Amino acid sequence: MLNSVMYTLFVLFNILQSVFSTDLDPLGYIAYCPCMGRFGNQADHFLGALGFAKGLNRTLVLPAWVEYRYGEHRSIQIPFDTYFKVEPLKEYHKVITMEEFMKEVAPYEWPEDKRVSFCYMPRGDGSGCNAKEGNPFGPFWDTYSVNFVSSEFYGPLHYDFYQTDMAKQWKQKYPPEKWPVLAFTGCCQEMKLMNYMHSLLLTTAMNYLEHSSYKGTKLAI
Ligand SMILES: *[C@@H]1O[C@H](CO)[C@@H](O)[C@H](O)[C@H]1NC(C)=O
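Overview of the structure. Everything numeric here is computed off the predicted structure, so don't read it as measured data.

Scanning the protein for helices and strands turns up 7 helices and 8 strands. Partitioning the intrachain contacts of the protein with sequence separation of at least 6 by distance along the chain shows that 73% fall at a separation of at least 24.

Here it is, written out as structure tokens:
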């Protein structure tokens, strides 16, 4: 009796798992490296990226938080959900953690020979985005064993959707069928965030802090 219940649960679990794990977003994904600044800047860029992803109605890939330890040459990547709960974010927009994305989505939508890095214009030495040049750029993508095969300059498009038909232009230039994943070297510094985005999300974000060693501490952004 117990065995058959266990077996049924096991089968159900597997069905559910296969349903959820093949749930790809036909409208595509946005990934980026929070490669600028410390937590405050990264939180700001995260909000920009969230607004950008919502504007294009693509799933936002939640990157790790980049931390720097004194005396170490390479940044340390802390999975997004170490500090924040992901479920409540999903009420606002489609999101997936980078870890889950690499496991469940990348093999289908972002195979190794299709990994293009997006930047506004050439960066660093040479003529490409050089998405992995320097710290934390290299360590960040290395965390997920990502290498890029080419660069794509998206300029003069930008992230400010509020005044223009910018979302339409992005969709025209990078339709999800052809570009399922837009992976940015950095993201959204240029975006003029609406005040409501800030207050709405940051207030809620503070409620999301769940990491026990952070309980009772103050969050300054
Ligand atoms: C965004 O995409 C989802 C499917 O991924 C769809 O269900 C939803 O209606 C879309 N939202 C808008 C505003 O188009």
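What follows picks up the thread again.
Judged by pairing direction, the sheet is parallel, and its 6 strands sit side by side in the order E5-E2-E1-E8-E6-E7 without closing on themselves. Of all strands in the sheet, those with a lone pairing partner are strand E5 (95-97) and strand E7 (150-153), marking the two edges. The mean angle between the axes of side-by-side strands here comes to 30 degrees, regardless of whether they run parallel or antiparallel. Bridge analysis of strand E1 (residues 29-32) against strand E8 (residues 181-184) gives 4 bridges, and the strand direction is parallel. Opposite Ile30, over in E8, you have Leu182 as the bridge partner. The strands that helix H4 (residues 98-109) touches are E1, strand E2 (59-62), E5 and E8; relative to E5, the one it contacts most, it runs at about 105 degrees.

Counted at 1.5 Å a residue, the expected span for helix H2 (residues 39-56) with its 18 residues is 26 Å, and the 25 Å between its end C-alpha atoms agrees. Within H2, 14 of the 18 residues are buried, leaving the element largely enclosed by the surrounding structure.

Conventions we followed
- Residues numbered from 1 in each chain as written.
- Predicted model: local features only at pLDDT ≥ 70, side-chain atom pairs only at ≥ 80, totals over all residues.
- Helix = DSSP H or I, 4+ residues; strand = E, 2+ residues; numbered from the N terminus.
- Contact = placed C-beta atoms within 7 Å.
- Pairing = 2+ DSSP bridges.
- Axes fitted to C-alpha atoms, helices over the stretch in contact; angles between N-to-C directions.
- Expected span 1.5 Å × (residues − 1).
- Buried ≥ 20, exposed ≤ 12 C-beta atoms within 10 Å, placed from the backbone.

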